[in-house]
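An overview of the molecular structure
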Amino acid sequence: MFGFLVRRLINYIVLCVVATFLSFTLSSVSFDPLSLLRQHNPPPPAATIEAKRAELHLDQPIPQRFLTWGEGVLHGDFGTTTTDHQITDELWRRVGVSLRLFLLGITIGILLGVLIGVGSAIRQYKLFDYISTFFSYVILATPVLVLGPLVKQVAQAINNATGSEWLQFTGEYSGTLDPNAGWLASFDERLRFLIVPTVTIVLGQIAYYSRYQRSAMLDVLGSDFLRTAQAKGLTRRRALFKHGLRTALIPMATLFAFGFGLLVVGGVFTETIFNWQGMGAWLVQGINDQDTNVTATVTLFVAVCVLLSGWLSDVLYALLDPRIRV
Amino acid sequence: MSTTVNPAAADEAAADVPQSRPVSRGALVRRRFMRNRWALGGIIVIIVLYIVAFSYPLFSPYSYEFHDTTNTYDPPSLTHWFGTDNIGTDMFVACMRGLQKSLTIGLLVGVISTALSAVVGATAGFFGGITDRAMMWIVDLLLVLPSFLIISIASPIFKGSSWLILVVLLVLFQWMITARIVRGMTLTLKTREYVSAARFMGQSPWRTIFKHIVPNMSSLLIVDATINVGSAVLQESGLSYFGFGVQPPDVSLGTLIATGTGSALTFPWLFYAPAVLLVVALLSVAVVGDGLRDALDPTSSRARRREKKRKDKLA
Amino acid sequence: MSASEITLDESVLDGAGDGPVLEVADLDVSFPSEAGRVHAVRGLTYEVARGEVLGIVGESGSGKSVSSLAVMGLLPEQARISGSIRFQGQQLLGLSDVQLSKIRGRRISMVFQDPLSALTPVYTVGDQIAEALLIHGRGRLSKAAAANRSVELLDLVGIPNAAARVKAFPHEFSGGMRQRAVIAMAIANDPDLIIADEPTTALDVTVQAQVLEVLKTAKEVTGAGIVIITHDLGVVAGFSDRLLVMYAGRAVESGNVNEVYQQPRMPYTLGLLGSLPRLDAAEKLPLVPIHGQPPSLVDLPQGCPFAPRCPLAVDDCLTAEPELSEVDSTSGHRAACIRSAELAATEAEVEDSIDGVEASNAAAIEAAVEVFGAELVEEPKAALRPRAERPVVLEVDSLVKHFAVTKGVVLKRKVGTVHAVDGVSFEVREQETLGLVGESGCGKTTTLMQILGLERPAGGSISVLGRDVSTLDGKARKAIRRDMQVVFQDPLASLDPRMPIGDVIAEPMQVHGFDATHIRKRIPELLDLVGLRAEHADRYPAEFSGGQRQRIGIARALALEPKLLVLDEPVSALDVSIQAGVINLLDKLKAELGLSYLFVAHDLSVVRHIADRVAVMYLGKIVEIGAVDAVFGEPKHPYTQALLSAIPIPDPVKERQRERIILSGDLPSPANPPSGCRFRTRCFLHATLSDSDKRKCVEVEPPRESQGDDHEVACHFARAKQVV
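Residues numbered from 1 in each chain as written. Chains lettered and ligands numbered in written order. Predicted model: local features only at pLDDT ≥ 70, side-chain atom pairs only at ≥ 80, totals over all residues. Heavy atoms only, no water.

A few words on the packing of aromatic side chains. We describe a pair of aromatic rings using the distance from one ring centre to the other and the angle between the two ring planes. Enumeration according to the criterion identifies 30 aromatic pairs over all chains in this entry. Among the aromatic residues, ring-to-ring pairing joins Phe21, Phe24, Phe66, Trp69, Phe78 and Trp92 of chain A into one connected group. (Phe/Tyr/Trp six-rings, centres within 6.5 Å; stacked < 30°, edge-to-face > 60°.)

So this is what it looks like as structure tokens:
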């Protein structure tokens, strides 16, 4: 089993490198970082443009540029942006911003999603099932770029109704807080800004996981072993939770990796809509600035996230299912 | 070989085939689908949206190029059903134009990518080997490097070119997941005895794939095509939102939402008109997909539910 | 295995009154379905006394399993149930889930059909057995005590090394072992009633014998009443005291087991008895086919549900459904038939003995043949040249097939080799049927696939019609396929559901380039040949019943006028009443068309009926081969003897007198077969040998040696033993 996980890890690392290389190559081909410079008025002298070209290593073949950049990454240096800022300086702050949002969102989302999914499976074709199914459908059909503004409006309405400005939906913090305020005040500050975007993510996650948990649970409901458990003398409820739910959680483990990938991509929208300076917003900025190093860095981040969640899925799967523990 | 006919024997086994022809599978599926009111509503909504999106000049006197400069930021009214924007463009007309693009792109991508998935997935599953492993690896790669990322990074290349490029790109990165499902299904079908029977009678592998394997996956393919239409519309609107998808002068629901988001609190119709259309379209596609799955799946539990309702009413 | 290891709870004696343990009266169960309400059980009444074994027999869809789930209160909630189910006087219908859960597992327990899915995959076997104890012994029983008791229970049901095996997960158990674990769970709380729903259907015959033995032990240990549900008249013949035959949701006959077998008073029961090929028949008996198929339970026709299939049916049968009424007031023998007196009269007229078999119910079988008008297909024996002079159509010589064993789901790596087929040799001559028999995992299917694949084997050689397959090119291989066709086991899976049956039958002809006019002409001929109507050619497979679909499969195989037909378990997926018709058809086709069959099966009774020669496989090798009468009449290999003795015979008198050889343990892994003789680890003969003889078994692989005219055995110590 351990060997299996190690091999999986190696496979994922290779995938990460390939993905980053592809992203680097694609953006190198598609971007023209000098175009901004050329559009200056009056046009800068050719020598200035050439100097910039050399500075950005655009005179080298792409694989070599990737190797140079990759070597830096191994030493913890992600290169510079086209505007000469150190990427590394900004990277960790942005990673922190994004992970705070994602991890909180996915944790709450999975917990509630599994609960609601199980609930609607056991109460199939009852009111709870109909309501949760309806909401899942609507939310799954609502892209983040619509859901985000909607949640914003609801928050605005709550603020209006309570006559306060407690819920905030632009940025991660106000920046006006007295730096000497106690931890409670700064926690409150962060929370005010965190709630609305987190709710947006959680809603999507609940809809996604509850649908799958519902069908996984329904598969288990008709299974022979559940009948055996009842034949032993367990009540239906106890049999459902002890034997049914435990088994129905297994397929959810594999879903986790894929769900996290989706979440990270969705993060691009969430961050843009709520003005969070995270990795997703950086990608949009990187593409608009035609910045290869930034897009490659973001790709690497996405790849690592998916890699870790995929690996976690494998571990979880092995823990949940004795059949693959070999 | 002698083929003496034994009438007694012929009767003994045949006696029980029902004399009246039972309903064909197609009719049964149609009947089950029609009974599902949600799915039926979904398909009607999609058809109506599509028709209206192309025939809007019949309903509206305005054109997309016309700017009613005296009525900028006009809220929805009888003259401008969905209101107007900052330069007085009629939002109904703009939305219909956007809907045209979004739905057309969705349908094209859904159908083409599903067809591609069927061919590649069935081939990989049937023959195994290199094709198979390469495909599995690409699917894994796509998980790590999502298609949204690839297309948005590549977007500067096709800035200014036709929206058909976007269709090609979306197809290029959408078929893998379905192909993987098709591959799994092929592996199951391959072990079916009728496929073995074809092999043992000397049928060629390609004919076996197209005669026995692909037709037997048609339910899966129909359902997946529907799902793919939905996710293509979603992808397109997301890309267009950031300006990485449909490029001006074309508009799609995504670009309209992008311009409307900023004024969602002040001029809500600019946001809600395209947003609601998008959600309604996606929701309809989703319920149609689900309805199809229920109708095509013989283990559908709808009958049970109806029976139960009846029982509850009696009680 | 000893019963004394288990101490009986006092509670066993609680309900030991005189009344029956279970009384079911007027039970009705119906379900909603797409087509309408399915009336699965209709007016079922029966009772079970303490320590009594009641066998409920019926074909698929007869309502036998549904009725038992109703007793357990385990039917899905949309089922509508009425009538009365009293357990030790207490009404069970209407009890809440919580109330029922106090009875389930403690006083009534159940053993299910499919042991592979009956255990929760994520908990250890020991934990699941202990759970059964802890649920009902809360407070009185510590966890450690429950764990100890589960080891005792596993030991009782015959799991070797129980103390270590309790920690295993279900997937680490074989099917037979899982079924034992389920039985251990069922007897954990010394119940008063055990319901066993097709407990051995999914298992191989030797494992079936083991499990039936365990059930007998369970009965002795708990003293419980047992309801055993099965479709196999053989299984219940020796085990049950009373029998209940179900058809279309109703009991159609019930009574003392001997009486039902010897004087069946319902034509359906009679037909079932006549449709079974008998393992102990030295001479071929005619098989009774029951025409048609069971009625749909959605809208039952008026009158007796069996009337459309019944040769004795008269107009009165169609007016009202007959009640289950007494035919013999002294013994309580009941039948639901208005013609049972005529049946008794026919039975009185026929001779009460049959040539070639000694059967206690000979008169009943003769009556069945008489009533249903079954005929034996006469082979043109006179016209047939002696076997040695006929040409060989299929020759397999020292065939070897190894599989790599891989581990891991994604990155597969090789960890060993399975010797699925290891040096198999046999030949099939013209107009001859060779039966290839063995239990799952013996390599018979692999052998078959190797032959059908026509690829160069990994070792040994295969020749079809005198041509070595390793020398074939693509074109020659296709040409050979014309002469060798296949019929598969599952009639549902072997026809493409999206093709009308006319196209299904046409496909092989199209592949081999026949012109359209010829194909159009052949389709009706072929349908006719297998007993179907030509006008059905445009219908889809789903519109036909299992037996009819199997006939379509046979028609497809015959389309190219092959010389050799490979039959892979062609009747094992069919209900017994349908099976006989297909066997008769195969017999007829062979005689009329001069075909040769390679007949792969696990049902030895069918093989005895249809085959001329038989080869018995064990772990990739043929252990015994020869003429059917020699191998069945005088088996010399201990495995063949065990296999034959494990097969139940549908004759209660004979079945109770038979000595059964119970094999120990499970099939060893083919990845790591025992040295020398592969059977020695489970061989009862090996255990009685002297040390030096034992060494011979361990060290020397026994060669296949002739033991008389057309009879070869691979055993160092081959000796004949009468087992059937």
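A word on the UniProt feature "transmembrane region" (unreviewed entry) in chain A. Residue and element names in this part refer to chain A. UniProt's feature table lists "transmembrane region" (unreviewed entry) at residues 12–31, 101–122, 134–151, 191–209, 248–274 and 294–320, given in the numbering used throughout. For residues 191–209, the helix share is 100%, the strand share is 0%, and the end-to-end C-alpha distance is 25 Å. Across residues 294–320 one finds 100% helix and 0% strand; the C-alpha atoms that close the span lie 38 Å apart. (UniProt positions renumbered as here; feature names shortened; annotations may be inferred. Helix = DSSP H or I, 4+ residues; strand = E, 2+ residues; numbered from the N terminus.)

In this section: the pattern of salt bridges. All names here are of chain C. Enumeration over the complete set of coordinates arrives at 41 salt bridges over all chains. For Glu569, the salt bridge is made with Lys444, and the minimal N-O distance between the two is 3.9 Å. Taken as a pair, Glu569 in the loop between strand S19 (564–568) and helix H18 (576–593) and Lys444 in helix H13 (residues 444–453) lie far apart in primary sequence, 125 residues in all. Lys444 carries the same exposure label as Glu569, and that label is buried. (Salt bridge = Lys/Arg side-chain N within 4 Å of Asp/Glu carboxyl O. Buried < 20%, exposed > 50% of the residue type's maximum accessible area, 1.4 Å probe, protein only.)

Below, the discussion takes up the sheet that holds strand S23 (residues 705–706) of chain C. Residue and element names in this part refer to chain C. If you walk across this open sheet you meet the eight strands as S18-S19-S20-S15-S21-S22-S24-S23, and the pairing is mixed. Edge positions in the open sheet fall to strand S18 (484–487) and S23, since each of these has one partner strand only. Pairing of S23 with strand S24 (residues 711–713) involves two bridges; the strand directions are antiparallel. Bridging from a neighbouring strand, Glu705 pairs with Val713 of S24. On top of the sheet, H18 reaches strand S15 (433–437), S19 and strand S20 (596–601); it is set at about 155 degrees to S20, its chief contact. (Pairing = 2+ DSSP bridges. Contact = heavy atoms within 4.5 Å. Axes fitted to C-alpha atoms, helices over the stretch in contact; angles between N-to-C directions.)

Look at helix H16 (residues 516–529) of chain C: 20 Å from first C-alpha to last across 14 residues, which is about the 20 Å you get at 1.5 Å a residue. For H16 of chain C, every residue scored as buried is listed here: Ile519, Arg522, Ile523, Leu526, Leu527, Asp528 and Leu529 of chain C. (Expected span 1.5 Å × (residues − 1).)

Facing the 43 residues of chain A at the interface are 41 residues of chain B. Interface of chain A and chain B: buried area, both sides summed, is about 3700 Å²; carbon and sulfur atoms make up 81% of it. Taken together, chain A and chain B are joined by zero salt bridges. Applying the counting rule to chain A against chain B returns three residue pairs in polar contact (both at pLDDT 80 or more). Residue assignment for the side of chain A that touches chain B shows that the elements contributing at least two residues are helix H1 (2–30), helix H6 (127–140), helix H7 (144–162), helix H11 (250–273), helix H12 (279–288) and helix H13 (292–320) of chain A. Per-element tally for the side of chain A that touches chain B: the top contributor is H1 of chain A, with 12 residues. Residues of the side of chain A that touches chain B, tallied by class, amount to 31 nonpolar, 12 polar and no charged. (Buried area = accessible area lost by both parts, 1.4 Å probe. Polar contact = N/O pair within 3.5 Å; in protein donor to acceptor, adjacent residues only side chain to side chain. Nonpolar A, V, L, I, M, F, W, Y, C, P; charged D, E, K, R; others polar.)

Residue and element names in this part refer to chain C. Given a rise of 1.5 Å per residue, 13 residues ought to cover 18 Å, and the 19 Å separating the end C-alpha atoms of helix H6 (residues 175–187) matches this to within 8%. The element H6 is extensively covered by neighbouring structure, given that 12 of its 13 residues are classed as buried. Among the residues of H6, Gly176, Met177, Arg178, Gln179, Arg180, Ala181, Val182, Ile183, Ala184, Met185, Ala186 and Ile187 are the ones counted as buried.

With that settled, the discussion passes to the UniProt feature "transmembrane region" (unreviewed entry) in chain B. All names here are of chain B. In the numbering adopted here, UniProt assigns the feature "transmembrane region" (unreviewed entry) to residues 38–59, 105–127, 134–157, 163–182 and 269–289. Annotated as 79% helix and 0% strand, the span residues 134–157 places its first and last C-alpha atoms 27 Å apart. Helix makes up 90% of residues 163–182 and strand 0%, with an end-to-end C-alpha separation of 29 Å.

A few words now on the confidence of the model for chain A. Within chain A, residue pLDDT values average 86, and 98% of them lie at 70 or more. Mean pLDDT values for the elements of chain A range from 73 in helix H2 (residues 34–38) of chain A up to 92 in helix H9 (residues 224–232) of chain A. (pLDDT = per-residue confidence, 0-100.)

Residue and element names in this part refer to chain C. Together, Glu283, Glu351, Asp352 and Asp355 give the surface a local cluster of negative charge. Along the chain, Glu283 turns up in the loop between helix H10 (267–275) and strand S11 (325–328). Overall, the relative accessible area of 47% leaves Glu283 in the partly exposed class. (Patch = residues over 30% accessible without salt bridge, like charges linked within 9 Å, V, L, I, M, F, W, Y side chains within 5 Å. Areas by Shrake-Rupley, 256 points an atom, 1.4 Å probe, with all protein chains shown as cover. Lys, Arg positive; Asp, Glu negative; His and termini not counted. Charge placed at Lys NZ, Arg CZ, Asp CG, Glu CD.)

All names here are of chain C. The phi dihedral of Glu198 is positive, around 45 degrees, even though this residue is not glycine. Tracing the chain through its elements places Glu198 in the loop between strand S7 (193–197) and helix H7 (205–222). For Glu198, a relative accessible area of 6% corresponds to the buried category. With a phi angle near 55 degrees, Leu454 is a residue other than glycine that sits in the positive phi range. Of note, Leu454 is situated in the loop between H13 and strand S16 (459–464).

Our focus in this paragraph is the sheet that holds strand S2 (residues 38–48) of chain C. Residues and elements named next belong to chain C. Strand order in this open sheet of four strands is S2-S1-S4-S5, and the pairing throughout is antiparallel. The sheet terminates laterally at S2 and strand S5 (90–91), the two strands that pair on one side only. Both strand S4 (residues 80–87) and S5 contribute to a ladder of two bridges, which runs antiparallel. Paired with Phe87 across the bridge in S5 is Gln90. Along the sheet, helix H1 (residues 64–72) contacts strand S1 (22–31), S2 and S4; its crossing angle with S1, the most-contacted strand, is approximately 115 degrees.

Right, let's talk about the packing of helix H8 (residues 183–221) of chain A against H11 of chain A for a bit. Residues and elements named next belong to chain A. For the pair H8 and H11, the least separation of the axes is 11 Å and the interaxial angle reads 155 degrees. When the axis of H8 is compared with that of H11, the two are roughly antiparallel. Handedness of the crossing formed by H8 with H11: right-handed. On H11, the residues touching Pro197, Ile201, Gln205, Tyr208, Tyr209, Tyr212, Gln213 and Ala216 of H8 are Pro251, Met252, Leu255, Phe256, Phe258, Gly259, Phe260, Leu262, Leu263 and Thr270. A breakdown of the residues in the contact of H8 with H11 according to their chemical character gives 14 nonpolar, four polar and no charged. (Parallel < 35°, antiparallel > 145°, perpendicular 65-115°, else oblique. Left-handed = near helix turned anticlockwise from the far one by under 90°.)

Right, let's talk about the nonpolar core for a bit. Taken as a class, soluble globular proteins show a tendency for nonpolar side chains to be buried jointly. Val146 of chain A together with Leu99, Ile151, Leu166, Phe242 and Ile257 of chain B are the most contacted members of the largest nonpolar core, which totals 117 residues. When residues in this core are grouped by element, the largest group, 11 residues, is from helix H4 (residues 91–127) of chain B. (Core = buried A, V, L, I, M, F, W, Y, C linked by side-chain atoms within 4.5 Å.)

Take the side chain of Ser132 of chain A next. Counting through the fold element by element, Ser132 of chain A comes out in helix H6. If we skip the residues at most four places from it in the chain, Ser132 of chain A touches Ile116 and Ser120 of chain A.

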